[in-house]
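# Fold and contact review
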Amino acid sequence: MEKLPKVYDPFQVEDKWYNYWLEKGYFHAEVDRSREGYCITIPPPNVTGSLHIGHALCYTIHDVIARWQRMRGLNTLILPGTDHAGIATQNKVEQQLAEEGLTRFDLGREKFLERVWQWKEHYGGTIIKQLKRLGCSFDWERERFTMDEGYANAVLEAFVQMFNKGYIYRGARVVNWCPRCHTGISDLEVEYEEQHSYLWFIKYPFADGSGYVEVATTRPETMLGDTAVAVNPEDKRYMEYIGKTAILPIMEREIPIVDDSFVDPSFGTGAVKVTPAHDPNDYEIGQRHNLPQIIVIGPEGKMTDEAGKYAGLDRYEARKKIVEELKEKGLLSKIEDYTHSVGTCSRCDTVIEPLLSEQWFVEMKKLAQPAIDAVKENKVRFIPDRYTRIYLDWMENIKDWCISRQLWWGHRIPIWKCLDCGEYTASKTVVETCGKCGSKNVEQDPDVLDTWFSSALWPFATLGWPEDTPELSYFYPTDVLITARDIIYLWVARMIFQSLEFLNEIPFFDVYIYATVLNEEGRRMSKSLGTGVDPLDLIERFGSDALRYALIQQAGMGQDMRFSDSRVENTRNFGNKIWNISRFVLMNLKECDTQDTQCTIDQSKLNLEDKWILSRLNKVIQTVNNGLGKYDMDDAARSLYEFLWSEFADWYVELAKPRLRTDERGHVQGMLRHVLETSMRLLHPIMPFITEEIWQALPHEGESIMVAPFPEADESLIDEAVESQMGAVMEAVRLVRNLRAEVNVTPGKRVNVVIVSETSEMRELFSTGAEGIKSLARVEKLEIASKAPEAAKGQYVASHGVGFDVLIPVAGLVDVDKELARIDSELASINKELARVTGKLSNEQFTSKAPAEIVEKERRIQSELLDKKTKLEERKKALGG
Ligand SMILES: [Zn+2]
Ligand SMILES: [Zn+2]
């Protein structure tokens, strides 16, 4: 029998076992048609990523499920990988270049991409190393990258197929343009923040000299690109203006006044300027009224030549000068304070500039329908269920998907344009000749695909699509997608429609959306706000097991999770508790080294507590299996904690101690070993390291707990009657302990106890449990009686349980008179203090004038004093005073 060291050292243990598992190849899965397969393709973290607490939760859940399914005997593949993360990665490298005083344009496309690949080789593996540190049992031999060779081929294949089917088109659209990243970004990548600003009221004179119309705007610099003023057709104030012509100030251009029901009469003056090239809604108005689109702000956020004398100025500089000029000309009627939400780039925080540009789009209507049906028909199931509605709302109102990005890092769009006839050709290989006119004057599109275009193919591209691989036919559809709620649209929805489009199959059966991790105050964790916790720091301090358990314990159904360091510290204590019980058990299994039949459970010797712990164990096995199967992981985790700490350690092991010194020793050894070994297998998916360390020290079969079978409940051992009987014994022990404390018996001293019950079953039960009660409550002599003994006042203290009473004779334990005198003097001083507080609190002057927290404090003191008083009076009564 191996001995466990006194103190558990997670660091040495975690490294040792992770390497062992890797060497044994337990994480790797091969296609094996004789076994049932189970597969998850993990959400690929960005190569730029470093493990944050949300990741830690996400991948711990993955690993818990993986280890559970593997132990249940399923051929389990958890396929890992990373995402090239277009903008995020390009930004990192551009930052690096900036430190050298360079931009990507100084290097040129090819050299720049070399730099990004170098960066990826160097830093791209960080998060993978961290996932290993967390204990993730993913198949690293199958690790993928969204730009590896096979994956790139899948992306090209998908694009060309979609293009040839007519799903992809070129269109002009006002996109969210980031002047810093120099690319259009999707609505979902824009973050909105409330900003204090102004509303400027500007007069646009009528061309006929008959006055002016006043418009209100938050962005006066865009007025240079105005091509109309719009009012609501229902707005009586402006009926007569419709059809008139105004002169655009500064540019001195004539623009029409149009009516459009989109205009909100309650905003500003009810008349708005229309800038089709710089606002998505104005663009729509422009389309309806055939208005020209004039781009006055360019891709760098600087005014274009169309801005006349303000050309070349930064957009904010131009705003100042334009406001100045309007003021001088008497065309600025007023400025009001105004708070509104401003869109910023989620990657770099720069204020978004809506900008009209030519982009590639995917037409969504046809693609969306099967993806809507699949969820409505329950083929894909969202857990928790409320996300079904969120998904369907989005899909039913889906807009076309803008898939081009003006970046260099990513999958370059495989489209060649003929510069002579304008024909577009999509191709997986280089196009040299235009298929339509034969011209050799062809050029590849400079843009790359939206990162989500490639990650939408993740579950099937990683399994080998477009090739018809054995992996694809065996492991696909995958079993579950485990992800965060904020990428349901960006990612989950797109995987579903792409899988249906390309494979005519759903990508996964379940979508489990896990909780968002908040800090203790309920705020979002953020590195920049300093409101986060660092999972790596927590692993360094408390070990991976502690972090994993702390996360899973709270991973309830979609509730936001409040998390702090102290929770991990508590779990570390749980680990230490498990370690200490295991050490005790192992010390008592010394002679169980060999195939010794002595250390086995003897059915004829099963007593009440044995049957009880077996019943409890089998219930916990049910709870854990149900919990993990239904993604109620917190349930599983908490039931294991309760069982190991409050039942096995606090009661069963304590009760076992005296029995180990009797001829029951072999049987009790067998019980301890069975319960502990089974518990370790149950706990393994959540706390893989400590359970392996303990399991290896216990007599066991097999190489590793990781590949040992997962416990299955034996329902015949679940016995409600036994549990309630044991409950009564435990209650008796608790009552004796409380009574001892009430009359101040020193902990070491043994007392005599009488248990009185009128029912013979109860008396029989207590006789059976007598040895346990005696050892746990430090009882010298235990008498079980049907009637309370005739006793003089003050001879016993008593307490009542359900169906029985517990009495302790006090003679010789305490000096009753002395104790009563002590209680009286304590009561006197409490009454005095109580009178003071009560007086104060009944004084209205005090309660209304004093600060609330002072009053609150006095109230608290009052209620504490009342509590103490009641307790003392009870004790006095118990002593016959
Ligand atoms: Zn940006
Ligand atoms: Zn051509």
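The following paragraphs examine the structure supplied in this document. (Residues numbered from 1 in each chain as written. Chains lettered and ligands numbered in written order. Predicted model: local features only at pLDDT ≥ 70, side-chain atom pairs only at ≥ 80, totals over all residues. Heavy atoms only, no water.)

## Some points on unusual backbone geometry
- Note that the residue after isoleucine 383, namely proline 384, is joined by a cis bond; omega there is -5°.
- Structurally, proline 384 can be placed in the loop between strand E15 (381-383) and helix H11 (386-396).
- Of the consecutive residues tyrosine 476 and proline 477, the connecting peptide bond is found in the cis state with omega at -5°.
- Following the sequence through the fold, proline 477 ends up in the loop between helix H14 (470-475) and strand E22 (478-483).
- In this structure, isoleucine 250 takes a positive phi of about 70° despite not being glycine.
- Mapped onto the secondary structure, isoleucine 250 falls in the loop between strand E10 (245-248) and strand E11 (253-259). (Helix = DSSP H or I, 4+ residues; strand = E, 2+ residues; numbered from the N terminus.)

## A look at the coordination of the zinc ion (ligand 1)
- Bound to the zinc ion (ligand 1) are the protein donor atoms Cys178 (SG), Cys181 (SG), Cys345 (SG) and Cys348 (SG), situated 2.2 to 2.4 Å from the metal.
- Taken together, the four donor atoms coordinating the zinc ion (ligand 1) and their angles of 104 to 114° define a geometry best described as tetrahedral.
- One chain supplies every donor for the zinc ion (ligand 1), spaced along it as C-x2-C-x163-C-x2-C. (Donors = N, O, S within 2.8 Å, 3.2 Å for Na, K, Ca; no water. Tetrahedral: all angles 85-135°; square planar, octahedral: opposite > 155°, others 65-115°.)

## Focus: the coordination of the zinc ion (ligand 2)
- For the zinc ion (ligand 2), the protein coordination sphere consists of Cys418 (SG), Cys421 (SG), Cys434 (SG) and Cys437 (SG), at 2.2 to 2.3 Å.
- Taken together, the four donor atoms surrounding the zinc ion (ligand 2) define angles of 106 to 115° at the centre, an arrangement classified as tetrahedral.
- Donor residues for the zinc ion (ligand 2), ordered by position in the chain, follow C-x2-C-x12-C-x2-C. With cysteine 421 in the loop between strand E18 (415-418) and strand E19 (424-426) and cysteine 434 in the loop between E19 and strand E20 (442-444), this pair connects stretches of sequence that are 13 residues apart.
- The class for cysteine 434 is buried, based on a relative accessible area of 4%. (Buried < 20%, exposed > 50% of the residue type's maximum accessible area, 1.4 Å probe, protein only.)

## With respect to the side chain of asparagine 232
- Within the secondary structure, asparagine 232 is located in the loop between strand E9 (228-231) and E10.
- With a relative accessible area of 7%, asparagine 232 lands in the buried category.
- Here glutamate 234 takes part through its backbone nitrogen, which lies 2.8 Å from a polar atom of the side chain of asparagine 232.
- Not counting residues within four places of it along the chain, the set of residues in contact with asparagine 232 comprises Asp260, Ser261, Val263, Pro265 and Gly270. (Polar contact = N/O pair within 3.5 Å; in protein donor to acceptor, adjacent residues only side chain to side chain. Contact = heavy atoms within 4.5 Å.)

## Brief notes about the sheet that holds strand E13 (residues 332-345)
- Strand order in the open sheet formed by three strands is E8-E7-E13, with antiparallel pairing between adjacent strands. Of all the strands in the sheet, just strand E8 (212-217) and E13 have a single pairing partner and so form its edges. Between one strand and the next, the sheet's axes are offset by a mean angle of 20°, whatever the strand orientation.
- Across six bridges, strand E7 (residues 190-205) lies against E8 in antiparallel orientation. Residue pairing in the sheet places tryptophan 200 in a bridge with threonine 217 of E8. (Pairing = 2+ DSSP bridges. Axes fitted to C-alpha atoms, helices over the stretch in contact; angles between N-to-C directions.)

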